[in-house]
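A look at the structure
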Amino acid sequence: MKNPPTPPQRASLNEHLYSQAKASDELRHLILHIAQAAKYIQYAIRTTEAGLAGSKNQFGEEQEKLDVLSDVIIQQHLMESRLVATFITEERKESVELSASAPFSVVFDPLDGSSLVDANFSIGSIFGIYPGSAILGRKPKEQVAALYVLYGPRTILVYGAGNGVHMFLLNDVGEFVLLREYLGIGDSAKNYSPGNLRAVNENPGYKKAVADWLDRELTLRYSGCMVADIHHILCKGQGIFTNVGGSKYPEGKLRLIFECGPFAYLVEQAGGVASDGKSAILDKTMDTIDQRSPLVIGSSEEVENACAVLAG
Ligand code: AHM
Ligand code: MG
């Protein structure tokens, strides 16, 4: 072509998946369907009254109206994609089989941190994508992509599909446009984000780790939504986030399938590390839907140091 049209200044998510991630058409379409669901969720967050739905999820936790609504929105978009064999959502006890011959399976936490919504704190959705129709018995390292959407002052989508981790902003016309690509996490941390902090009373290793961060005057950054807290690490290029066990949650509060697995994939793609204190999260077998796992994630030197302190 003699005078080719100038491409838009900022790549769209579609363009980025195509030209940078070189994702297969099927994976690209699936991620775009998920991104579409996220647009409806951010609209629902802005327009739905906050409050309890009057029901409980598989963990016996009260469901917010927005948890239920987000779960339905995502399920509808996964079905519509015709690309999903099986999905598992944090809001249900069993996995759901859609079409055995479809290429992917999806795990998701529809609205992480939803109890913060009435306080207008940031909340998020988390997704992990596996090839094939099985999820249980597999390991998070088998993910072909993972992504999260952060609903804060701005709506941000971050994805990884085997070629770095990239950040997009939802603009006013409803398009996710590239904000930053190839996010990186440095080896040392200036910020710490200690989840399930109530565990320090029963977990002396955790007490020591927190004392160590206080002694070294690291800066506390903790919002109570892991999507926002780990996004902070990816955005600032350093930090550590922990959620380890005590008596109320012996294995920590977070679920291996929906929360630890997708974030381990993204953080390791960005040059960080994700451990349960002893082994890599990416190497842990997902045996049950409700499996919890301790999580120590972020800058490699700080994660290594914290794991040593936690082990006593
Ligand atoms: P949720 O999926 O029910 O919202 O719970 C997970 C959330 C994480 O986002 C967050 O890191 C953690 O619970 C906060 O727990 P705590 O306040 O006990 O540290
Ligand atoms: Mg959650």
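Summarised in this report is the structure supplied together with it. (Residues numbered from 1 in each chain as written. Chains lettered and ligands numbered in written order. Predicted model: local features only at pLDDT ≥ 70, side-chain atom pairs only at ≥ 80, totals over all residues. Heavy atoms only, no water.)

A word on the coordination of the magnesium ion (ligand 2)
Listed as protein donors to the magnesium ion (ligand 2) are Asp109 (OD), Asp112 (OD) and Glu259 (OE); their distances from the metal cover 1.9 to 2.1 Å. Site description for the magnesium ion (ligand 2): donor spacing in sequence, D-x2-D-x146-E. Of the two residues, Asp109 sits in strand 5 (residues 104-112) while Glu259 sits in helix 6 (residues 256-269), which places them 150 residues apart along the sequence. For Glu259, a relative accessible area of 2% corresponds to the buried category. (Donors = N, O, S within 2.8 Å, 3.2 Å for Na, K, Ca; no water. Helix = DSSP H or I, 4+ residues; strand = E, 2+ residues; numbered from the N terminus. Buried < 20%, exposed > 50% of the residue type's maximum accessible area, 1.4 Å probe, protein only.)

A closer look at helix 4 (residues 204-215)
Compared with the 16 Å implied by 1.5 Å per residue over 12 residues, the 16 Å span of helix 4 between its first and last C-alpha is a close match. Of the surrounding secondary structure, the elements contacted by the buried residues of helix 4 are strand 11 (191-195), strand 13 (240-243) and helix 7 (300-310). A side-chain oxygen of the first residue of helix 4 lies 3.2 Å from the backbone nitrogen of Gly205; this N-cap is Asn203. Where helix 4 ends, the next residue or the one after it, Glu217, has phi of about 55°, a positive value. (Expected span 1.5 Å × (residues − 1). Contact = heavy atoms within 4.5 Å. Polar contact = N/O pair within 3.5 Å; in protein donor to acceptor, adjacent residues only side chain to side chain.)

Looking at the side chain of Ser81
Relative to the helices and strands, Ser81 resides in helix 3 (residues 65-81). Apart from residues no more than four positions distant in its own chain, Ser81 is found in contact with Leu30 and His33.

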